[in-house]
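# Per-entry structural report
In case you want the letters, here they are:
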Amino acid sequence: MSENLLKQIRNGPHPLGLHVASTTNMWTGATAAFPLFQLGGLQIHPDLQNKAEDLRKDISNHNAEDLLPFVMKQAQSRLAETLAGIRLYQYHPYQRKVKPAPLFHKIGSTEILDYGDGHQSDVADDSPIVIAVPSLVNPAYILDLKEDHSFMHTLAEMGIHPYLLDWCAPEDEELGFNLEDYILKRLIPMIYEVHRHHNKKIHLMGYCMGGNLSLAAAQILEDDNIIESLTLIATPWDFHAQQPTHLSALTDYFLKMDQNDQKTASSISDMMELNIMQLFFFSLDPTLSDRKFRKFSHFDPASDKAENFVAIEDWAGDGCPLSPEVSKDCLINWYQKNQPHKKCWRVAGHVISPRSLNIPGHIITPTADRIVPAASAKALRDLLPNFAHTTANGGHVSMIAGKDAKTILWPIIASFLK
Amino acid sequence: MAKKIQSNIVHPNNNSTAHSKEKQSIAERYLDLWQDNIRHWATDPAAMEKWLADIVKKQTKT
C-alpha cells in the first residue's frame, strides 16, 4: 500500500459483511463445485450451455485431479484481488470537496441550487433554463460529482442556466410526505419560483425516479404553459418488466418489517434505512460487487479513473433515509402494484399519463442498467413516441456520471436543450 | 552450472509449461463461467422461474 493510502477514509461498501461474504462464497463455492461441473451436475443457464459444453470437452483431455489445484489457486487469487479492491477503496484518499452552488430557494428541507451563478461569461439572459430533478433515494450531487467532473457546471459552460433540486434529508414536515406531497409541495412550487424569477419557460430534466416526479409535474403544469420541454434520464415506468424473481418477496419482506416496526415503535418504521436500499441494489446482480472491486484492485490509485470510481462508490453509499410514506409509495404503488404502467398512478387527481403530454421531450435509456431494466424504460419510451430518444452506453450511474459522460452524453443533452 | 542454467530456460515447446498454461486457462474459463452463470440466473427471472418449476416437477414425480 502506498504512502497515500495509510489512513482509512471509509468503511464501505455497505453492507460490508454482505460484500465480503458474497465474494468469499463465490470463489470457495466455485472451487468446491468444480468436480460437480466436470460430472455435468451443475445447473447451467441456457445461454451458457454451449460455452459450458466446450469447456467440459477441454477438461476431459486432462486428469481432473491435476486441474483442481489450478482452479483453487485462481479462485484464491480472485478472492484476494476483490478484497484488495475493497481495501483500496476504503483507504483511497479522495474525499468530495466541491463548493456548493449558491442557494436559490428553500422550502422546508428542500433546496434549489443555482449553477448559473458564477458562470456569467457563459450564461446569458436568453440562455435556456433547466431544472434537474434527481431521485429521492441517493444524493443530488451525482449531477455535480467532482470539481472537474460536474454535469451541472458543464451545462452552464455550454450556455445553459442549470438549477439543481436537492431534496436533502427529510425534516419535520417532509417526514410525513408521500410522493404526491413532494411533487405538489416541493417540486412544483420550486418550478414556479424559477419561472417567476426568469419569466421564461422551464426545461425540466429528471434522473431516475426524479424523471417520474418531473413527468407528473409536467402533466399537472401543462395548462399553465410554463414547461418548455421534458428530459427523462433512466426513468423507470413498467416496474414489473424484467423484475428479478426475488423482488416481490423482498418488497413483501420490507413491508412486513415495516408493519412489525409500527407495532414495536422502533426506528425503521420512521425512515427507510439506507442499508435496506443497499441490500436491494446488491440483490439486482449479486456478482457485480466482486467484478467491480476486483477490477478496481488493478487501477492506479493516483489515476483519474480510480478517483472517479471512489467518487461514484461514495455517492452510491451515501444518502438520506426516505420518509415512510415515500418508501411505501415506491414499494407498494410502484414495485408491487405497478401503478404508473397500469395507468392508475394518481397525483392531485390526475392519472399520470405520458401519452397525454403535449410538450417536446428527450428520453435517454442506458444500455446496461440494472436499477432500471431496459424493458422498464422502454415502456415509457413507447408512450412518448414524439420524444427524441438517445441510447447511452453504460449503466444507471456510469451513463450520467462516468468518466466518458462528459464527452458523450452531456453534450447530447445540452444540444437538445438548446 | 551451464547445465543448471540450461534447465531453467523455458523452451517454447516445453510440454510441461504448455500444459500448465492450458490448465491455467481452463481454470480461468471455469471461474469466468461460474460467475457468469450466477449472474445469468440472478438477472433472468423467467429462466429462474422455469428452473425452479422444473425442479419441483421432478421432485413431485419422485
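Criteria and thresholds
Residues numbered from 1 in each chain as written. Chains lettered and ligands numbered in written order. Predicted model: local features only at pLDDT ≥ 70, side-chain atom pairs only at ≥ 80, totals over all residues. Heavy atoms only, no water. Helix = DSSP H or I, 4+ residues; strand = E, 2+ residues; numbered from the N terminus. Rg over C-alpha atoms; globule rule 2.2 N^0.38 Å. Buried < 20%, exposed > 50% of the residue type's maximum accessible area, 1.4 Å probe, protein only. Contact = heavy atoms within 4.5 Å. Areas by Shrake-Rupley, 256 points an atom, 1.4 Å probe, with all protein chains shown as cover. Lys, Arg positive; Asp, Glu negative; His and termini not counted. Charge placed at Lys NZ, Arg CZ, Asp CG, Glu CD. Buried area = accessible area lost by both parts, 1.4 Å probe. Salt bridge = Lys/Arg side-chain N within 4 Å of Asp/Glu carboxyl O. Polar contact = N/O pair within 3.5 Å; in protein donor to acceptor, adjacent residues only side chain to side chain. 1 Å grid on protein atoms, 1.4 Å probe; cavity = no way out; pocket = protein on both sides within 12 Å on 5 of 7 lines; lining within 4 Å. Points joined across faces, edges and corners; volume = space filled by probe spheres on them. Nonpolar A, V, L, I, M, F, W, Y, C, P; charged D, E, K, R; others polar. Phe/Tyr/Trp six-rings, centres within 6.5 Å; stacked < 30°, edge-to-face > 60°. Pairing = 2+ DSSP bridges. Axes fitted to C-alpha atoms, helices over the stretch in contact; angles between N-to-C directions. Domains from an automatic or database assignment.

## Observations concerning the overall build of chain A
Counting its secondary structure elements, chain A contains 15 helices and 10 strands. The C-alpha radius of gyration computed for chain A amounts to 23 Å, which stays within 12% of the reference 22 Å derived for 418 residues, consistent with globular compactness. The principal-axis extent of the C-alpha atoms belonging to chain A is close to 80 × 50 × 45 Å. Looking at chain A residue by residue over its 418 residues, the buried ones come to 53%. Taking contacts inside chain A between residues at least 6 apart in sequence as the whole, the part at least 24 apart equals 82%. Of the accessible surface of chain A, which amounts to about 18,300 Å², a share of 51% is contributed by carbon and sulfur atoms. Each charge sign in chain A was given a centre, from 37 positive and 49 negative side chains, and these centres are 5 Å apart.

## Considerations on the interface of chain B and chain A
On the side of chain A, 39 residues touch chain B, which itself brings 28 residues to the contact. For the chain B and chain A pair, buried surface summed over both sides reaches about 3,100 Å², with 68% attributable to carbon and sulfur atoms. The tally of links between chain B and chain A comes to three salt bridges. Ionic pairing is found between Arg 29 of chain B and Asp 58 of chain A, a salt bridge with its closest N-O pair at 2.8 Å. There are 15 residue pairs in polar contact (both at pLDDT 80 or more) connecting chain B and chain A. Every element with two or more residues in the side of chain B that touches chain A is listed here: helix 2 (15–42) and helix 3 (45–61) of chain B. It is helix 2 of chain B that contributes the most residues to the side of chain B that touches chain A, 21 residues altogether.

## Quick word on the layout of surface pockets
When its volume is computed, the second largest pocket comes out at roughly 420 Å³. Within the residue set of the lining of the second largest pocket, elements represented by two or more residues are helix 9 (274–284) and helix 13 (374–383) of chain A together with helix 2 of chain B. Tallied by class, residues from the lining of the second largest pocket come to 15 nonpolar, five polar and five charged.

## Digging into empty space enclosed by the protein
All names here are of chain A. Under the defined criterion, the tally for this structure stands at two cavities of 30 Å³ or more. As a volume, the second largest cavity reaches approximately 50 Å³. Every residue lining the second largest cavity is listed: Leu 136, Trp 167, Cys 168, Pro 170, Tyr 182, Cys 320, Pro 321, Leu 322, Ser 323 and Val 326. Residue composition of the lining of the second largest cavity, grouped by class: nine nonpolar, one polar and no charged.

## What to know about unusual backbone geometry
Apart from glycine, the bulk of residues carry a negative phi angle, and the bulk of peptide bonds sit in the trans form. Residues and elements named next belong to chain A. Across the junction of Gly 12 and Pro 13, the peptide omega takes the value 0°, indicating a cis bond. The residue Pro 13 is located in the segment before helix 1 (16–32) in this model. Cis rather than trans, the peptide bond between His 14 and Pro 15 has omega equal to -15°. Mapped onto the elements, Pro 15 comes out in the segment before helix 1. Unlike most non-glycine residues, Asn 225 shows phi in positive territory, near 55°.

## Notes on the packing of aromatic side chains
Counted under the stated rule, the structure contains 16 aromatic pairs over all chains. Between Trp 334 of chain A and Trp 345 of chain A, the aromatic rings sit 5.4 Å apart at their centres with planes inclined by 85°, giving edge-to-face as the arrangement. Remark: Trp 345 of chain A occurs in the loop between helix 12 (324–336) and strand 7 (346–347) and Trp 334 of chain A occurs in helix 12; sequence separation between them is 11 residues. Here Trp 334 of chain A matches Trp 345 of chain A in class, with each residue buried. When the centroid spacing of 4.5 Å and the interplanar angle of 35° are considered together, the rings of Trp 41 of chain B and Trp 51 of chain B count as tilted.

## Description of the sheet that holds strand 1 (residues 103–107) of chain A
All names here are of chain A. Strand order in the open sheet made by the eight strands is 1-2-4-3-5-6-9-10, with mixed pairing throughout. Looking at the sheet topology across the chains shown, the edges are occupied by strand 1 and strand 10 (388–392). Between one strand and the next, the sheet's axes are offset by a mean angle of 15°, whatever the strand orientation. The pairing of strand 3 (residues 129–133) with strand 5 (residues 202–207) spans five bridges and is classified as parallel. Bridged to Ile 131 within strand 5 is Leu 204. Contacting strand 1, strand 2 (110–114), strand 3, strand 4 (161–166), strand 5 and strand 6 (227–233), helix 6 (residues 179–198) crosses the sheet at an angle of about 145° to strand 1.

## Structural notes on the domain arrangement of chain A
For chain A, the assigned domains read domain 1 (3–91) and domain 2 (103–242 + 321–417). Taken over C-alpha atoms, the centre of domain 1 of chain A sits 39 Å from the centre of domain 2 of chain A.

## Looking at the pattern of salt bridges
What the rule picks out here adds up to 22 salt bridges over all chains. Among the ionic pairs, Glu 111 of chain A bridges to Lys 106 of chain A, the shortest N-O distance being 3.5 Å. One salt-bridge network, in which partners are shared between bridges, spans Lys 51 of chain A together with Asp 36 and Arg 39 of chain B.

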